[in-house]
Amino acid sequence: MEAIAADLLNEADLASLPDAKNVLYLAGTKFGTTGKEAFTWAMNAYLPGRVAEKYRNSKIVVYSTGNVYPLVPVFSGGADESTPTGPIGEYAQSSLGRERIFEHFSQQYGTELLIYRLNYANDLRYGVLLEICKSVVNESPIDLRMGHVNVIWQGDANEYALRSFLHTSNPAKYLNITGPETASVRWIAEEFGKLAGKTPQFVNQESDTALLSNAGESFRLFGYPKVTLRDMIRMTLEWFQGGGATIKKPTHFQTRTGKF
């Protein structure tokens with residue numbers, strides 16, 4: 001593996017990147033987008049057009065997000081790929097812009113494309129589960145207004161991303177990537193509490209809607225994730241209590257206004 005440092009918004013840097021048969025596009029911005037809306041749109045909606053032009057002859061798997069969907073009823077099973085988009089807030093709107101720009105150039109050049117709508121990936125250093133774990137262990141209140149989530153192990157999500165090159169197409173294929181459960185935040189916190197010997201503290205009540213995705217199509221293509229939700233909970237607690245390093249970037253999964 002060779003790492004090449006580049007500012008993708010710099011035309012010379014972008015032009016200098018080597019050609020590639022397969023391109024996994026992960027560039028974007030989410031954290032701190034409030035107050036930096038113009039940069040957010042440049043990264044999430046302008047840059048994709050430049051990349052789509054350069055790699056028009058490649059297969060491209062484009063990382064996107066379940067945030068492009070509206071909030072859906074908790075008992076709906078989650079938004080599937082046929083659900084009309086309804087992004088809330090400028091991060092989600094610009095993420096839909098990324099999808100549309102890639103789709104435009106895919107139609108123009110015949111580029112094979114897969115739009116990879118992911119939420120929420122977790123590893124031991126980052127993610128919804130780590131945030132809930134911290135709150136339980138530190139006896140901090142957990143906001144239940146976004147009372148249900150989907151989660152998937154980062155390793156499983158990475159594997160699915162690479163296998164997605166087998167399913168790029170023109171017109172573009174859209175694919176939800178997440179875990180199989182509509183998981184209750186309250187239940188997750190209580191599971192951490194049982195393992196840690198703590199009583200979770202909650203504020204507010206669960207809403208009737210949440211940001212939820214249905215990843216049934218990805219399970220048809222790739223099978224179910226190898227790492228289960230209970231395994232993720234156990235490993236996350238062991239890592240946190242053992243002083244493992246964490247990435248200090250909250251997911252803001254609790255927000256219902258789309259401000260990150």
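In what follows, the accompanying structure is described. (Residues numbered from 1 in each chain as written. Predicted model: local features only at pLDDT ≥ 70, side-chain atom pairs only at ≥ 80, totals over all residues. Heavy atoms only, no water.)

Enumeration according to the criterion identifies five aromatic pairs in this entry. Taking 5.0 Å as the distance between ring centres and 65° as the angle between the ring planes, the aromatic pair formed by Y25 and F102 counts as edge-to-face. With Y25 in strand β1 (residues 22–25) and F102 in helix α3 (residues 89–109), this pair connects stretches of sequence that are 77 residues apart. For the pair shown, Y25 and F102 are each scored as buried. Across from the ring centre of Y55, 5.3 Å away, lies the NZ or CZ of K54, which sits over that ring. (Phe/Tyr/Trp six-rings, centres within 6.5 Å; stacked < 30°, edge-to-face > 60°. Helix = DSSP H or I, 4+ residues; strand = E, 2+ residues; numbered from the N terminus. Buried < 20%, exposed > 50% of the residue type's maximum accessible area, 1.4 Å probe, protein only. Lys NZ or Arg CZ within 6 Å of the ring centre and 35° of its normal.)

To continue, consider the nonpolar core. Counting residues in each nonpolar core, the largest one holds 36 residues, and the members touching the most others are L129, I132, V149, I188 and F192. Elements with a minimum of two residues in this core: α4 (128–137), α6 (185–196) and α8 (229–241). Ranked by residue count, the leading element in this core is α4, at seven residues. Other than its neighbours up to four places away in sequence, I188 contacts L129, I132, V149, A183 and I233. (Core = buried A, V, L, I, M, F, W, Y, C linked by side-chain atoms within 4.5 Å. Contact = heavy atoms within 4.5 Å.)

What follows covers unusual backbone geometry. Following N119, the chain continues into Y120 via a peptide bond in cis, with omega recorded as -20°. Along the chain, Y120 turns up in the loop between β4 (113–118) and β5 (121–122). Across the junction of N170 and P171, the peptide omega takes the value 5°, indicating a cis bond. By the secondary structure assignment, P171 is in the loop between α5 (154–163) and β9 (173–177). Of note in this structure, E139 is not a glycine but carries a positive phi near 60°. With respect to the helices and strands, E139 occurs in the loop between α4 and β6 (141–143). Although it is not a glycine, N204 adopts a positive phi angle of roughly 65°. Within the secondary structure, N204 is located in the loop between β11 (201–203) and β12 (209–210). Look at N204 and you get partly exposed, because its relative accessible area is 38%.

Okay, the pattern of salt bridges next. Under the counting rule described, the total for this entry stands at 16 salt bridges. Linking E206 and R186 is a salt bridge whose minimum nitrogen-to-oxygen distance equals 2.8 Å. Taken as a pair, E206 in the loop between β11 and β12 and R186 in helix α6 lie far apart in primary sequence, 20 residues in all. Its relative accessible area of 27% is what places R186 among the partly exposed residues. (Salt bridge = Lys/Arg side-chain N within 4 Å of Asp/Glu carboxyl O.)

Between α4 and α8, whose axes approach to 10 Å, the crossing angle comes to 55°. In terms of orientation, α4 and α8 fall into the oblique class. Here the hand of the crossing between α4 and α8 comes out right-handed. Counting all contacts with α4, which are made through L129, L130, C133, K134 and V137, the residues of α8 involved are L229, M232, I233, T236, L237 and F240. Of the residues contributing to the contact of α4 with α8, the split by class is nine nonpolar, one polar and one charged. (Axes fitted to C-alpha atoms, helices over the stretch in contact; angles between N-to-C directions. Parallel < 35°, antiparallel > 145°, perpendicular 65-115°, else oblique. Left-handed = near helix turned anticlockwise from the far one by under 90°. Nonpolar A, V, L, I, M, F, W, Y, C, P; charged D, E, K, R; others polar.)

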